[in-house]
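Tertiary structure, described
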Amino acid sequence: MSDTGSHNVSEPHEHLPATGAAHGASAEVRHDPFGNPGHPEHEFRRQDIDEKAAKHSERVVAGLFTLSMLGTLGFIASFVIFPVDKYIYVFPFGHVSALNFSLGLTLSLALVGIGAGAVHWARTLMSDEELTDERHAADADDELRATMEAQWKQGVKESGFGRRKLVRNTMLGALTLVPLSAVVILRDLGPLPEDKLRHTAWAKGKALINPNTNKPLRPEDIPVGSLTFAQPEGLNEESDDFQQQIAKAALMVVRLKPEDIKDKKELSWSHEGIVAFSKICTHVGCPVSLYEQQTHHVLCPCHQSTFDLSDGARVIFGPAGHRLPQLHISVNGEGNLVAMSDFEVPVGPAFWERG
Amino acid sequence: MSTSTETAPTSTRRGPKPAGQRVAEWADARVGLYKLGKSNLRKIFPDHWSFMLGEICLYSFTILILTGVYLTLFFHPSMNEVVYHGPYGPLQGVRMSDAYASTMHISFEVRGGLLIRQIHHWSALIFIAGMIVHMMRVFFTGAFRKPRELNWLFGWTLLFIGMFEGFTGYSLPDDLLSGTGVRFTEGAVLSTPVVGTYLSMFLFGGEFPGHNFVPIFYSVHILLFPGIMAGLVVAHLILVFYHKHTQFPGAGKTEKNVVGMPLLPIYTAKAGGFFFLVFGAIAAIAAIATINPIWTMGPYRPDQVSTGAQPDWYMGFSEGLIRVMPGWEINAWGHTLVLGVFVPLMVFPLVLAAIAVYPFIESWVTGDKREHHLLDRPRNRPVRTGFGVAWLALYFTLLIGGGNDLWATHFHLSIETITWSVRIGFFVVPAVAFWVTKRICLGLQRRDRDKVLHGRETGIIKRLPHGEFIEVHEPLGQEELHVLTAHDQYKPLEIGPETDENGVERKAGPVTRLRARLSRNFYGEHSQIPKPTVEEYDEITSGDGHH
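Residues numbered from 1 in each chain as written. Chains lettered and ligands numbered in written order. Predicted model: local features only at pLDDT ≥ 70, side-chain atom pairs only at ≥ 80, totals over all residues. Heavy atoms only, no water.

Along the backbone of chain B there are 19 helices and eight strands. Of the roughly 25500 Å² of accessible surface on chain B, a fraction of 66% belongs to carbon and sulfur atoms. Treating the 47 positive side-chain charges of chain B as one cloud and the 45 negative ones as another, the clouds have centres 6 Å apart. (Helix = DSSP H or I, 4+ residues; strand = E, 2+ residues; numbered from the N terminus. Areas by Shrake-Rupley, 256 points an atom, 1.4 Å probe, with all protein chains shown as cover. Lys, Arg positive; Asp, Glu negative; His and termini not counted. Charge placed at Lys NZ, Arg CZ, Asp CG, Glu CD.)

As structure tokens, then:
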């Protein structure tokens, strides 16, 4: 580090180049109209020469600090006075929590008072004379560089690092291997993927349950043009793995006119025009949920992938890479909609093993 | 604390020393306090409004730590399922994770909890915005040049980690909005070739969402990332002190000095006071502006979603990448390469890396090994300024892509139009921005040249005796003349003749050729306007009738 700071008290002008100081008055000085004119002379502020003005600034600063104290007292008072569930109308913010509003503003006052006071103090009462420090290049001079090189070489030589290759190589080997333990020990963060992403809670004969009523869906529950959601029979909100299961099994059901269904396989997996598709977007897994009944398009609200439900849910726009998987459905003896099997392909985003 | 009486047998003490001095001397004798203070207590810092941008970052980071510690006292980083029975009516009896429930508790039952939560979140937005604006200030003024390249990288790394610090933070409440973002993360991780499914299983402790990610994100958010960031912040500040701050050219300012006010007392008061001002401003914002109202979103469920889902703003450009990328998937040999997700995932760090490596490219092209402490005026470095604006243009184009649904609904545009515009804009907008910026810089350089040679236009029209009208130009003062001409103008590198003086063929390698070519692009005649020389100035100013 430098030895600066010590000469701050001295006249700053003595550090400055003399160029341009002559203002072109004398012909002897090397002429440079673009030269650095040097440090301008310090101009005094009112506070520097007028004690009355300084006193005024002092009172302003003290007033700001006092305002801060009042802010803190206000903060404590608000904390005590306002119940946490009190809401008040404040124009133009609307109905706000009285406690949050008053605590925030009093805290702000307490902080701004200190900040504004300190800044005003610095600007009006502390010396505003600009000072100059010299800079020093970071790199060492030749002598120090030579000393360091010698010390380094001496150290390396004494260690025998270059000469005893066996020691060096085995040490590098050991140091390379040892981080592997840190990788291995992370193994139990989770299970292996196996075929977990290929299966869902759907299976042959499982009824489509309306998640709102917890009753099986029947074909007559599903009018043309509306989007209905379903989950597999036996999936319970209280069960421990509900979130994992619903993340794969979420289903949307719509009724189309059978003659509108363009895809043959879709038609054969439907029941009276009722088709069931995975609700999980094949892009990155958001629930697809915006249905446009005129066009039979569904849109994912996250990244706007759009699928045509009348054509095997193929992607017609957006970043999704493949169709929404269809669930083969039918009705059972009781007239409830049921799955005929699990999804044929993995639901949700694509992954390396998906194939 | 005993200051021993035998310290200075030679001293002729006139009464006991003040307590402060005794403490300082005690510490000095143990850690060398005085030697440390010698070069720092009255350290000179130059003054410019743009130098406070970094301070905003430092202070919002400090506020984040203070408020973050408070929040850890009440937040439960747990995904155990609970049923809500708190005061917020609409969620009565709803199942949710403990993380969400404890965030509800902080927001509705802990007095002042909501305020601290909102200060924390607002500070995070301001922290990252501050870092980007501060980085741009450093970029456009060339403050990253030798000897400050390392500090540039420290700062960039802070921005990079800061974004993920923010992401892990807003994911902790496990609400419907942030959960959707975490689901996106799962999809992105799954797209990684070969190891994607394994990484996903390890991150979520099994299948998404599992019960692991909140505790894992919590550990990363409050320990791992802040620890690294605190270290980087300290290193960043030490280097700022060590290098001494850069300054703009001006009267009395040179490459060899630093002109300004001393740390004690001016900057202690100004910068210290500014901390309170920043904190006070954020507290006021938190008092009047709701942020991240998780109660309106509800707890996360993988089969539910809200429309208009947006990440916090700093993740917006990655959202743009993911939204406008075509959904390419390659299926072969029983495997899937999910380019539609993996390409944006890789481009995301590359966009940020482009700005990180620029200083090293510039110093390679110029071959300039000198230290630089005087800042550039952006117009005098048209290619650098053009690159910076192009980068920003790319960033904002992607931000528009990230909010394509909002743009569509607010401006009644079709989502297809916006998406296709962003796809094309990704390549075209930065190129246009670069070209336009460069032209503007050159225009400004011409104006500077005119100002130096002919003076400032006063707007006063004078009629000469023979009837000619002229505008009176006022010559510039010496400081302004100096400021407008103080910058270096580089000459493009020459490869040199194809054969050396003995007629032996001397082929320049492809790297040398690239460097020469870049150098021509940076400093060729189409990239800078020659600054006026003293001779030109003298010639014009010596004759009378000139104006």
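Now that the structure has been shown, the text picks up again.
Turning our eyes to something else, we now look at the overall build of chain A. Of regular secondary structure, chain A possesses eight helices and 14 strands. Against the globule reference of 20 Å for 355 residues, chain A gives a C-alpha radius of gyration of 39 Å, more extended than a compact globule. Overall, chain A is about 110 × 80 × 50 Å in size when its C-alpha atoms are taken along their principal axes. Sorting the 355 residues of chain A into buried and exposed places 42% on the buried side. In chain A, 57% of the contacts between residues at least 6 apart in sequence involve partners at least 24 apart. Accessible surface, chain A as shown: approximately 19500 Å² in total, 59% of it carbon and sulfur. Side-chain charges in chain A split into 33 positive and 45 negative, and the spacing between the mean points of these groups amounts to 8 Å. (Rg over C-alpha atoms; globule rule 2.2 N^0.38 Å. Buried < 20%, exposed > 50% of the residue type's maximum accessible area, 1.4 Å probe, protein only. Contact = heavy atoms within 4.5 Å.)

All names here are of chain B. Close contact between helix α6 (residues 149-171) and helix α13 (residues 339-366) brings their axes to 9 Å; oriented N to C, the two are set at 165°. By the angle class used here, α6 and α13 are roughly antiparallel. The crossing of α6 and α13 is right-handed. Contacts between α6 and α13 involve E149, W152, L153, W156, F160, M163 and F164 from the former and F348, P349, L352, A353, I355, A356, P359 and F360 from the latter. When the residues that make up the contact of α6 with α13 are grouped by side-chain class, the tally is 14 nonpolar, no polar and one charged. (Axes fitted to C-alpha atoms, helices over the stretch in contact; angles between N-to-C directions. Parallel < 35°, antiparallel > 145°, perpendicular 65-115°, else oblique. Left-handed = near helix turned anticlockwise from the far one by under 90°. Nonpolar A, V, L, I, M, F, W, Y, C, P; charged D, E, K, R; others polar.)

For the structure shown, the criterion picks out 32 salt bridges over all chains. One salt-bridge network, held together by shared partners, links R145, E362, D376, R381 and R384 of chain B. (Salt bridge = Lys/Arg side-chain N within 4 Å of Asp/Glu carboxyl O.)

Residue and element names in this part refer to chain A. Per the stated rule, a full pass over the model turns up one disulfide over all chains. One disulfide bridge connects C286 with C302, the sulfur atoms lying 2.1 Å from each other. One disulfide, between C286 and C302, carries an S-S torsion of -90° and so falls in the left-handed class. Here C286, found in the loop between β7 (274-278) and β8 (290-292), pairs with C302, found in the loop between β9 (297-299) and β10 (306-308); they are 16 residues apart in sequence, far enough to count as distant. With relative accessibility at 3%, the residue C302 sits in the buried group. (Disulfide = S-S within 2.5 Å.)

Attention now goes to the interface of chain A and chain B. A common way to report how large an interface is uses the accessible area buried once the components associate. Contacts between the two partners involve 99 residues from chain A, matched on the other side by 117 residues from chain B. Carbon and sulfur atoms supply 63% of the area buried between chain A and chain B, which totals about 9100 Å² over both sides. Of all residues in chain A, F34, R135 and W352 of chain A give up the largest surface area on contact with chain B, accounting jointly for 12% of the area buried on that side. The interface formed by chain A and chain B contains two salt bridges. Of the charged contacts, one joins E207 of chain B and K248 of chain A as a salt bridge, the two residues approaching to 2.7 Å between their closest N and O atoms. Here chain A is connected to chain B by 35 residue pairs in polar contact (both at pLDDT 80 or more). Tallying contributions element by element places helix α3 (residues 98-124) of chain A first for the side of chain A that touches chain B, with 17 residues. Looking at the side of chain A that touches chain B residue by residue, the class counts come to 50 nonpolar, 31 polar and 18 charged. Pairing analysis gives four bridges linking strand β3 (residues 131-134) of chain A to strand β4 (residues 257-262) of chain B, with the strands arranged antiparallel. Within β4 of chain B, the residue paired with D133 of chain A across the bridge is V258 of chain B. (Buried area = accessible area lost by both parts, 1.4 Å probe. Polar contact = N/O pair within 3.5 Å; in protein donor to acceptor, adjacent residues only side chain to side chain. Pairing = 2+ DSSP bridges.)

Moving on, we come to the environment of L224 of chain B. Within the element layout of this structure, L224 of chain B appears in helix α9 (residues 213-243). Judged by relative accessible area, which is 45%, L224 of chain B ranks as partly exposed.

A few words on the domain arrangement of chain A. The domains assigned to chain A are domain 1 (46-128 + 148-187) and domain 2 (196-339). Look at where the C-alpha atoms of domain 1 of chain A and domain 2 of chain A centre, and you get two points 52 Å apart. (Domains from an automatic or database assignment.)

With that settled, consider the sheet that holds strand β4 (residues 208-209) of chain A. With respect to topology, five strands assemble into an open sheet ordered β4-β5-β6-β7-β12 (chain A), the strand pairing being antiparallel. Looking at the sheet topology across the chains shown, the edges are occupied by β4 and β12 (326-327) of chain A.

Residue and element names in this part refer to chain B. Using the residue numbers shown here, the UniProt feature "transmembrane region" (unreviewed entry) corresponds to residues 49-75, 121-140, 152-172, 216-242, 274-295, 337-361, 382-400 and 420-437. Secondary structure content for residues 382-400 is 100% helix and 0% strand, while the C-alpha to C-alpha distance between its ends is 26 Å. Segment residues 420-437 splits into 100% helix and 0% strand. End C-alpha atoms: 25 Å apart. (UniProt positions renumbered as here; feature names shortened; annotations may be inferred.)

This part covers the UniProt feature "domain: Rieske" (unreviewed entry) in chain A. When the UniProt feature table is mapped to this numbering, "domain: Rieske" (unreviewed entry) covers residues 243-338 of chain A. Measuring from the first to the last C-alpha atom of residues 243-338 of chain A gives 22 Å, for a span that is 12% helix and 31% strand.

The next subject is the sheet that holds β4 of chain B. Ordered in space as β3(A)-β4(B)-β1(B), the three strands form an open sheet in which the pairing is antiparallel. Each edge of the open sheet is held by one strand with a lone partner, namely β3 of chain A together with β1 (44-45) of chain B. As judged from the two bridges shared by β1 of chain B and β4 of chain B, these two strands associate in the antiparallel manner. Counterpart to F45 of chain B in the pairing with β4 of chain B is M261 of chain B. Packing of helix α10 (residues 263-288) of chain B onto the sheet brings it into contact with β1 and β4 of chain B, and relative to β4 of chain B it is tilted by some 70°.

Next up on the list: the pairing of strand β8 (residues 469-474) of chain B. Residue and element names in this part refer to chain B. Note that strand β7 (residues 456-463) and β8 share five bridges and pair antiparallel. Note on β8: the bridge partner recorded for R463 is F469. Hairpin connection between β7 and β8: a loop of five residues separates the two successive antiparallel strands, and G467 in this loop has a positive phi of roughly 100°.

Glancing now at the nonpolar core. If you look at the biggest cluster of nonpolar residues, it comprises 87 residues, and the most contacted ones within it are I119, F127, M135, F317, I355 and W391 of chain B. Not counting residues up to four positions away in its chain, the partners in contact with F127 of chain B are C57, S60, F61, L64 and M229 of chain B. M252, L256, F307 and L324 of chain A belong to the second largest nonpolar core, which has 19 residues in total. (Core = buried A, V, L, I, M, F, W, Y, C linked by side-chain atoms within 4.5 Å.)

On to the packing of aromatic side chains, then. Residue and element names in this part refer to chain B. For the structure on display, the rule yields 42 aromatic pairs over all chains. Aromatic side chains F160 and F164 sit 5.4 Å apart centroid to centroid with 55° between the ring planes, which places their arrangement in the tilted category. In this pair, F160 and F164 are both assigned in helix α6, four residues apart and thus about one turn of the helix distant. Residue F160 is classed as partly exposed on the basis of its relative accessible area, which comes to 23%. Residues F167 and Y170 carry aromatic rings whose centres are separated by 5.6 Å and whose planes lie at 85° to one another, so their mutual orientation is edge-to-face. Taken together, the residues F167 and Y170, both in helix α6 and three residues apart, mark about one turn of the helix. The pair formed by F167 and Y170 is uniform in burial state, with each residue classed as buried. (Phe/Tyr/Trp six-rings, centres within 6.5 Å; stacked < 30°, edge-to-face > 60°.)

Residue and element names in this part refer to chain A. Per the UniProt record, "transmembrane region" (unreviewed entry) is found at residues 60-81, 101-122 and 166-186. The straight-line gap between the two end C-alpha atoms of residues 60-81 is 30 Å; of that span, 100% is helix and 0% is strand. Helix makes up 100% of residues 101-122 and strand 0%, with an end-to-end C-alpha separation of 31 Å.

Residue and element names in this part refer to chain B. Tracing the sequence through the fold places F426 in helix α16 (residues 415-454). For F426, a relative accessible area of 22% translates into the label partly exposed. Each C-alpha atom of the pair F426 and A393 lies 8.9 Å from the other, and the pair is 33 residues apart in sequence. Once residues lying within four places of it in the same chain are set aside, the contact partners of F426 are L321, V347, L394, T397 and L398.

Parts of the prediction with low pLDDT should not have their coordinates interpreted in detail. When the pLDDT values of chain A are averaged, the result is 88; 92% of them are 70 or greater. Here residues 1-28 of chain A scores under 50 on pLDDT; set against residues more than four positions off or in separate chains, the count is 41 contacts. (pLDDT = per-residue confidence, 0-100.)

It is worth spelling out α9 of chain B at this point. Residue and element names in this part refer to chain B. Its 31 residues give α9 an end-to-end C-alpha distance of 42 Å, which sits within 8% of 45 Å, the value for a rise of 1.5 Å per residue. A bend of about 35° at V220 is the largest found in α9. Following α9 by one or two positions, K244 adopts a phi angle in the positive range, close to 65°. (Expected span 1.5 Å × (residues − 1). Bend = angle between axes of the 7 residues up to and from the residue.)

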